[in-house]
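Chain and residue survey
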Amino acid sequence: MATEDQADSLRTEHDALGAIPVPVNAYWGAQTQRSLLHFAFAPQERMPLEIIRALAMVKLAAARVNSAELPPEIGAAIRQTAEEIIAGDHADQFPLAIWQTGSGTQTNMNVNEVIAGRANELLTGRRGGKAPVHPNDHVNLHQSSNDSFPTALHIAVAIAATGRLLPALDRMTDQIDNLSLAWRDIIKIGRTHLQDATPLTLGQEFSAFAEQLRQCRDELASALDRGILEIAQGGTAVGTGLNAPPGFAAAMARALSEIAGQPLRPAPNAFAALAGQEPLARFSGAMVTLAIALTKLANDIRLLASGPRSGLGELRLPANEPGSSIMPGKVNPTQCEMLTMVCAQVIGNHSGVVVGAMQGQLQLNVFKPMLGAAVLRSVDLLATGMDGFTRFALIGLEPDRQRIADLLDRSLMLVTALVPELGYDRAAAIARLADDQGLTLRQAGLQQGIDAATFDRLVRPEDMV
């Protein structure tokens, strides 16, 4: 039973199920309070604020589009409050967990109630309640959780992708291009199957990384344009647009494009936009493709920098921190390990996205909160990981030119240059002799009857790249 002091710190709010006590300092109302009671997860499981801000953008756009139907003072109070939330104010008023109804209804109502509660405070001096501003009749006018919440997910992902993910990817690609250009004349031995192969330049090796990343960027941009930028708003409950006036979807897309700074447009089929979540799954899949390319990049740099004296040792990593608590002077490939762990987590997140995107029954997908949170977490992980790797691994990465030259000179696979003139079998015999007797390839070739001038004319690494 509540004490007298506790009772004084509560007020009573009402919804369709009846009355419920709410903290007196909360802007939210009854539906938010019930969700707190029934989905009592730890604070770190809260709905991402990116989604909250995107929902506030939906409410701001709706208040603008609905201006002719809202009393001027109510419309103004809703717009002001939505703008405050978009700016980052009132963050403590959104305590609900990701783990709730699969449509995101509780979070949509949390935003509706907070906007109404704050608007009522602006208009009357009293926080909360449903008058004069009602969370459903005014803030949620012509909307449903079923179209507003997926619209917010798309907006949040678009903003995060264009504001953080793609710029981080571009910065990494630019730096790799810089290294590829700077190292275009460093000839080194290539490796296939982790065994010596024919030569290439270090610049060519790094050009492959840059091209892989460019392909990933194209895939991300396509997934954004052909899915994420298409929004469900206007479909209302099941896609028919019930209770929304003609032209509402297009008007909302225009208003949201201005507010979010993204070229949003109505989904070509509102029924599909509510029932399925293929756009989020596709974008998450594009991030997995990026994670694959980044893992290859990080692992290759880790291999090339291994040693430095007892491994390949062709690259020297920046010494960012001591690498061992017992071995003095050790430098570990910590940025490589960080980035590959990030990529593993992104791939794990995608597994959840795949399962979640499958959970559409009839007219509604019911895993939307988890889908949005997982995709946004992957965006944040990749953006942060790539920026860190660029700053602390790629910038400051140096080739060990002498080591590269020594390994090139010792390689047996330069024998490939002899094949056009000597044939495969005779060239193979030279390589085997060199390997068996610890000779250089040139020494073995001379023993096999190749004259020095012919060998030196044919085996020129600079002509093999």
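Here the structure is a predicted model, which means the values were calculated and not measured.

1. Observations regarding the state of the cysteines
Within the structure shown, the criterion is met by 0 disulfides. Free cysteine: Cys216, not disulfide-bonded; nearest cysteine sulfur from Cys343 at 9.8 Å. Exposure remark for Cys216: the relative accessible area of 3% places this residue in the buried category. With no disulfide partner, Cys336 has as its closest neighbouring cysteine sulfur the one in Cys343, 11 Å distant.

2. Remarks on the pattern of salt bridges
Taken as a whole, this structure holds 21 salt bridges when the rule is applied. Among the salt bridges present, the one from Arg460 reaches Glu462, with a minimum N-O distance of 2.9 Å.

3. Examining empty space enclosed by the protein
It is a probe the size of a water molecule, rolled over the atoms, that shows where empty space is left. A complete count under the given rule lists 3 cavities of 30 Å³ or more for this structure. Roughly 80 Å³ of internal volume is contained in the largest cavity. Lining the largest cavity are 13 residues, with Pro318, Asn320, Asn332, Thr334 and Gln335 positioned closest to its centre. Elements represented by at least two residues in the lining of the largest cavity include exactly α12 (334-357) and α13 (368-394). If one sorts the elements of the lining of the largest cavity by residue count, α12 sits on top with 3 residues. Partitioned by chemical class, the residues of the lining of the largest cavity number 8 nonpolar, 4 polar and 1 charged.

4. Digging into the confidence of the model for the protein
For the protein, the mean per-residue pLDDT works out to 95, and 98% of the residues sit at or above 70. Across residues 1-6, confidence stays below pLDDT 50; counting only partners more than four residues off in sequence or on other chains, it has 2 contacts.

5. Focus: the environment of Ala42
Turning to its location among the elements, Ala42 is positioned in the loop between α2 (30-38) and α3 (49-65). Relative accessible area serves as the criterion here: at 35%, Ala42 is assigned to the partly exposed category.

6. Examining the pairing of strand β1 (residues 10-15)
Only one face of β1 is buried: it carries Arg11, Glu13 and Asp15, and the other face, with Leu10, Thr12 and His14, is open. Hairpin connection of β1 to strand β2 (residues 18-23): 2 residues between the antiparallel strands.

7. Section: the side chain of Glu113
Topologically, Glu113 is positioned in helix α5 (residues 105-124). Lacking a salt bridge, the buried Glu113 has Lys130 as its closest oppositely charged neighbour, with an N-O distance of 6.4 Å. Polar contacts involving the side chain of Glu113 include one to the main-chain amide nitrogen of Gln31, which spans 2.9 Å. Setting aside anything within four residues of it in sequence, one finds Glu113 in contact with Tyr27, Trp28, Gly29, Ala30, Gln31, Thr32 and Pro135.

8. Some words on the layout of surface pockets
Considered as a void within the structure, the largest pocket measures approximately 340 Å³ in volume. Looking at the largest pocket, it is lined by 15 residues, and the ones nearest its centre are Arg191, Glu205, Lys296, Asp300 and Leu304. Sorting the residues of the lining of the largest pocket by element identifies β3 (187-192), α8 (202-228) and α11 (278-304) as the ones contributing at least two each. Split by residue class, the lining of the largest pocket holds 8 nonpolar, 2 polar and 5 charged. Estimated volume of the second largest pocket: approximately 260 Å³. Lining the second largest pocket we find 13 residues, and of these Ala305, Gly307, Pro308, Leu317 and Val331 sit closest to its centre. Residue composition of the lining of the second largest pocket, by class: 6 nonpolar, 4 polar and 3 charged.

Thresholds, definitions, all that
- Residues numbered from 1 in each chain as written.
- Predicted model: local features only at pLDDT ≥ 70, side-chain atom pairs only at ≥ 80, totals over all residues.
- Heavy atoms only, no water.
- Disulfide = S-S within 2.5 Å.
- Buried < 20%, exposed > 50% of the residue type's maximum accessible area, 1.4 Å probe, protein only.
- Salt bridge = Lys/Arg side-chain N within 4 Å of Asp/Glu carboxyl O.
- 1 Å grid on protein atoms, 1.4 Å probe; cavity = no way out; pocket = protein on both sides within 12 Å on 5 of 7 lines; lining within 4 Å.
- Points joined across faces, edges and corners; volume = space filled by probe spheres on them.
- Helix = DSSP H or I, 4+ residues; strand = E, 2+ residues; numbered from the N terminus.
- Nonpolar A, V, L, I, M, F, W, Y, C, P; charged D, E, K, R; others polar.
- pLDDT = per-residue confidence, 0-100.
- Contact = heavy atoms within 4.5 Å.
- Pairing = 2+ DSSP bridges.
- Lys, Arg positive; Asp, Glu negative; His and termini not counted.
- Polar contact = N/O pair within 3.5 Å; in protein donor to acceptor, adjacent residues only side chain to side chain.

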